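Breakdown of the fold
What follows is each chain in one-letter form.
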Amino acid sequence: MAMLPAPAAAATPAPSCVARITAVQREILHRNLATGSGPPLNAFQQLNPYALEQAAALDRARAAGAPAGPLDCLPVAVKDNFASADQPMAAGSLALLGNQPAEDAEAVARLRAAGAIVIGKTTMDEFAFGIRGLSGAAGRVGNAYDPWLGPGGSSSGSAVAVGAGFVPLALGSDNCGSLRLPAVYNGAVTLRSTQGRFSSAGLLPIGFVNGTPGLIARDTGLLARGLAVLDPTWQAERAVAPPDLRGRRLAVLARAGDQDLAPTSEAAAAALSQAVDLLRAAGAEVVEALVLPGLDTRLGPAFVKGSGRRIDAQLVRYPGSRRSWDDICGSGRLPPEWTPAECRTLMASDPAAEQRARRQMASNRRLLEQALRAQRLDGLLLLPDRRGGARRDPSPAITCMVSSTSGLPAVALPLALDRRGMPVGLEILGASGGDEDLVAIAAVLEAQRGPLPPPRAVVPAGPPLDLAGHNRLVPLLGWQAWKSRRGEALGDLDPARFRRLTDDLLNRPGDGGKSILDLTTPASP
């Protein structure tokens with residue numbers, strides 16, 4: 001008798017969205033504030049108590065036959081300077097804790113409409129000023145590859161959340177390197193878009209140039225998928241990696257005006273050399289040591305003048321104790337470097353200064369685009385940090401000003417790990433509107449580079465918090481950190497000191513948050 005074929009094994013059903021988001025929450029609660037390996041990562045200021053409820057709604061929609069969105073059930077993190085209707089927006093400031101927007105920022109709304117689940121709000125430098133990941137609202141952020149070192153900023157928590165593997169995609173914003181520097185420091189990729197291309201509605205308006213929304217992603221493919229959601233005019237086919245880079249011409253930018261862009265360390269020089277070799281291996285022509293005179297890359301206070309009135313127009317719509325920038329400056333909860341008078345002066349209207357900044361941007365953009373056309377260049381190569389990878393102290397050698405003072409797009413990605421095991425990255429700057437082409441070039445370079453080694457695992461010091469305990473503890477941690485450095489320099493909040501503060505709160509007798517809740521039960525609004 002002929003043997004009947006064995007029945008095919010039943011396909012394992014894909015986990016529900018609730019199950020996937022539950023797993024993400026558990027991982028964050030287990031590792032975000034863990035101190036067993038050193039200072040905590042502290043990537044999340046607040047976790048979204050409605051994430052599971054939103055995941056359950058997606059499950060119901062799929063069961064009813066609704067089509068999946070392009071980011072279906074993708075866990076994303078959101079920087080704390082974007083409005084969201086289900087979580088407060090503090091912009092890293094003690095003065096704005098509890099500030100609850102009535103609706104989502106446009107970027108957040110677009111991500112949700114595409115099926116993404118907002119896991120939580122990420123820690124950031126206070127009011128997006130800084131590259132150290134320090135704030136009054138949450139304290140200090142640790143680097144995903146070494147929590148003793150700096151994460152970059154101001155989108156510190158968003159980059160660490162991606163680099164540490166908590167989420168594959170995070171929303172951030174770029175002041176001067178605020179997307180690019182933390183992304184490469186933590187082994188992730190990003191794009192600072194052409195100025196004004198992505199909507200900044202609902203983003204706390206610091207400056208007319210600096211608040212550029214963007215995404216930080218685990219790889220260029222996911223970055224391109226996310227950017228297509230943020231911008232309906234995104235041309236997805238242009239952002240796909242071509243088979244090679246034959247016919248593309250790039251140049252290493254050695255100097256822009258008075259700004260030296262050459263590497264200052266052996267590791268940085270090696271990374272730049274590796275990038276050139278990989279691009280040439282992919283077929284690109286690379287010109288070295290390009291000097292562009294005439295640019296003015298100084299990013300001074302003129303670029304944030306007038307922000308106060310724009311912040312007022314946003315805060316007045318929210319129920320909260322701070323209804324204006326003046327309220328914030330008089331709150332007694334400022335960064336220790338700021339006096340109330342300096343706070344008010346910083347964001348005050350100054351039409352002449354604002355106009356000078358706009359003229360500076362227009363001039364820089366014109367000079368850079370003339371050089372790109374004259375030399376038939378598809379992009380300019382530079383290091384986000386001329387020193388290379390992250391260290392404990394903030395780098396004096398960052399190069400973010402070239403893109404930030406011209407409004408031209410720039411993609412950034414990690415190239416390799418240095419001898420310390422820290423990522424060292426590259427930035428590629430292009431012409432206005434050339435965002436997709438830059439992502440495509442970066443995708444080829446990423447493929448040539450191969451997989452980047454992941455960070456070392458964080459060792460938890462004890463049982464995980466529950467979600468409510470986490471959300472209660474982080475503001476307390478920020479408060480204790482703020483008090484510990486009151487009247488001192490912000491940088492005095494060093495890693496060892498912050499680790500002790502975290503341990504003290506985690507081990508405080510009678511403190512909640514040590515029990516493990518059943519995360520499969522959606523929270524109620």
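Treat the numbers as computed from the prediction; the structure is a model and nothing was measured. (Residues numbered from 1 in each chain as written. Predicted model: local features only at pLDDT ≥ 70, side-chain atom pairs only at ≥ 80, totals over all residues. Heavy atoms only, no water.)

Side note on the overall build of the protein
Scanning the protein from terminus to terminus reveals 15 helices and 14 strands. Rg of the C-alpha trace for the protein: 23 Å, near the compact-globule value of 24 Å for 525 residues, within the 12% margin. With the C-alpha coordinates of the protein rotated into their principal frame, the extents come out at 85 × 65 × 45 Å. Of all 525 residues assigned to the protein, the portion counted as buried reaches 58%. Partitioning the contacts of the protein with sequence separation of at least 6, the portion at a separation of at least 24 is 77%. Charge centroids of the protein, computed over 55 positive and 49 negative side chains, lie 2 Å from each other. (Helix = DSSP H or I, 4+ residues; strand = E, 2+ residues; numbered from the N terminus. Rg over C-alpha atoms; globule rule 2.2 N^0.38 Å. Buried < 20%, exposed > 50% of the residue type's maximum accessible area, 1.4 Å probe, protein only. Contact = heavy atoms within 4.5 Å. Lys, Arg positive; Asp, Glu negative; His and termini not counted. Charge placed at Lys NZ, Arg CZ, Asp CG, Glu CD.)

Quick look at the state of the cysteines
Following the criterion strictly, the structure yields three disulfides and no others. Residue Cys17 pairs covalently with Cys73 via a disulfide, S to S 2.1 Å. Across the S-S bond linking Cys17 and Cys73, the dihedral sits near 95°, which makes this disulfide right-handed. Note that Cys17 is positioned in helix H1 (residues 17–31) and Cys73 in the loop between helix H2 (51–63) and strand E2 (75–79), a separation of 56 residues in sequence. In this structure, Cys17 and Cys73 share a single accessibility class: buried. Paired by a disulfide, Cys176 and Cys400 hold their sulfur atoms 1.9 Å apart. Between Cys176 and Cys400, the S-S dihedral sits near 100°, and the bridge is therefore right-handed. With Cys176 in the loop between strand E6 (169–174) and helix H5 (180–185) and Cys400 in the loop between strand E12 (379–382) and helix H12 (401–404), this residue pair connects regions lying 224 residues apart in the sequence. As far as burial versus exposure is concerned, Cys176 and Cys400 are alike and both buried. (Disulfide = S-S within 2.5 Å.)

Details of the nonpolar core
In this structure, Leu171, Leu227, Leu279 and Trp325 are the most contacted members of the largest nonpolar core, which totals 76 residues. Counting residues per element, this core draws most heavily on helix H7 (residues 266–281), at seven residues. Once residues within four sequence positions are removed from consideration, Leu227 is found in contact with Leu191, Phe198, Leu215, Trp234 and Val439. In terms of nonpolar packing, the next biggest core, distinct from the first, is built from 50 residues, Ala43, Ala51, Ala161 and Met401 among them. (Core = buried A, V, L, I, M, F, W, Y, C linked by side-chain atoms within 4.5 Å.)

Quick notes on the confidence of the model for the protein
Of all residues in the protein, 92% have pLDDT values of 70 or greater, and the mean over the chain is 91. Predicted confidence for residues 512–525 stays below pLDDT 50, and this span has 37 contacts to residues more than four positions away or in other chains. (pLDDT = per-residue confidence, 0-100.)

As for the side chain of His470
Along the chain, His470 falls in helix H14 (residues 467–484). Once residues within four sequence positions are removed from consideration, His470 is found in contact with Leu29, Asn32, Leu33, Phe44, Gln45, Leu47 and Leu465.

So, the pairing of strand E7 (residues 189–192)
Alternating residues of E7 divide into Val189 and Leu191 and Thr190 and Arg192, and every residue in both groups is buried. Pairing of E7 with strand E8 (residues 212–217) involves two bridges; the strand directions are antiparallel. What sits directly across from Val189, in E8, is Ala217. Sheet topology note: the E7/strand E13 (residues 410–417) ladder contains three bridges and is antiparallel. Residue pairing for E13: Arg192 is matched across the bridge by Ala410. (Pairing = 2+ DSSP bridges.)

Topic: unusual backbone geometry
That bond from Gly153 to Ser154 is cis: its omega, 15°, falls within 30 degrees of zero. Note on placement: Ser154 falls in the loop between strand E5 (139–140) and helix H4 (156–163). Even without a glycine there, the phi angle at Ala91 is positive, about 55°. Positive phi, normally seen in glycine, also occurs at Ala289, with a value near 60°. Along the chain, Ala289 turns up in strand E11 (residues 285–292). The exposure class assigned to Ala289 is exposed, which follows from its relative accessible area of 55%.

A look at H4
Counting buried positions along H4 yields eight of eight residues, so the element is predominantly enclosed. All of the buried residues in H4 are Ser156, Gly157, Ser158, Ala159, Val160, Ala161, Val162 and Gly163. Where the residues of H4 are buried, they touch strand E1 (44–47), E2, strand E3 (117–122), E6, H5 and E8.

Some points on the side chain of Arg249
Mapped onto the elements, Arg249 comes out in strand E9 (residues 249–256). In this structure the side chain of Arg249 is engaged in a polar contact, spanning 2.6 Å, whose partner is the side chain of Glu285. Here Arg249 is in contact with Glu285, Val287, Gln375, Arg376, Leu377, Asp378 and Gly379, once residues within four sequence places are set aside. (Polar contact = N/O pair within 3.5 Å; in protein donor to acceptor, adjacent residues only side chain to side chain.)

Focus: the packing of helix H6 (residues 220–230) against helix H13 (residues 435–449)
At a closest axis distance of 9 Å, the pairing of H6 and H13 adopts a crossing angle of 160°. By the criterion of interaxial angle, the relationship of H6 to H13 is roughly antiparallel. Between H6 and H13 lies a crossing of left-handed hand. The residues of H13 that touch H6, namely those facing Thr220, Leu223, Ala224 and Leu227, are Val439, Ala442, Ala443 and Glu446. A class-by-class count of the residues in the contact of H6 with H13 yields six nonpolar, one polar and one charged. (Axes fitted to C-alpha atoms, helices over the stretch in contact; angles between N-to-C directions. Parallel < 35°, antiparallel > 145°, perpendicular 65-115°, else oblique. Left-handed = near helix turned anticlockwise from the far one by under 90°. Nonpolar A, V, L, I, M, F, W, Y, C, P; charged D, E, K, R; others polar.)

What about the packing of H1 against H2?
H2 packs onto H1 with a crossing angle of 155° between their chain directions and a minimal axis gap of 8 Å. Here H1 lies roughly antiparallel to H2, going by the angle between them. Between H1 and H2 lies a crossing whose hand is right-handed. On H2, the residues touching Cys17, Val18, Ile21, Thr22 and Gln25 of H1 are Ala51, Leu52, Ala55, Ala56, Leu58 and Asp59. Of the residues in the contact of H1 with H2, the class split is eight nonpolar, two polar and one charged.

Observations regarding the packing of aromatic side chains
Going through the model one piece at a time under the given rule, you end up with six aromatic pairs. Between Phe127 and Trp325, the ring centres sit 5.1 Å apart and the planes meet at 75°, which makes this aromatic pair edge-to-face. Here Trp325 lies in helix H9 (residues 325–329) and Phe127 lies in the loop between E3 and strand E4 (134–135), a separation of 198 residues in the sequence. Here Phe127 falls in the buried class, since its relative accessible area comes to 1%. Ring centres of Trp479 and Trp482 lie 5.3 Å apart, and the angle between their planes is 20°; this geometry places the pair in the stacked category. One end of the pair is Trp479 and the other is Trp482, both in helix H14 and three residues apart, which spans about a single turn. In this structure Trp482 comes out as buried when scored by relative accessible area, which is 7%. Aromatic rings pair up to connect Phe127, Phe129, Trp325 and Trp338 into one cluster. (Phe/Tyr/Trp six-rings, centres within 6.5 Å; stacked < 30°, edge-to-face > 60°.)

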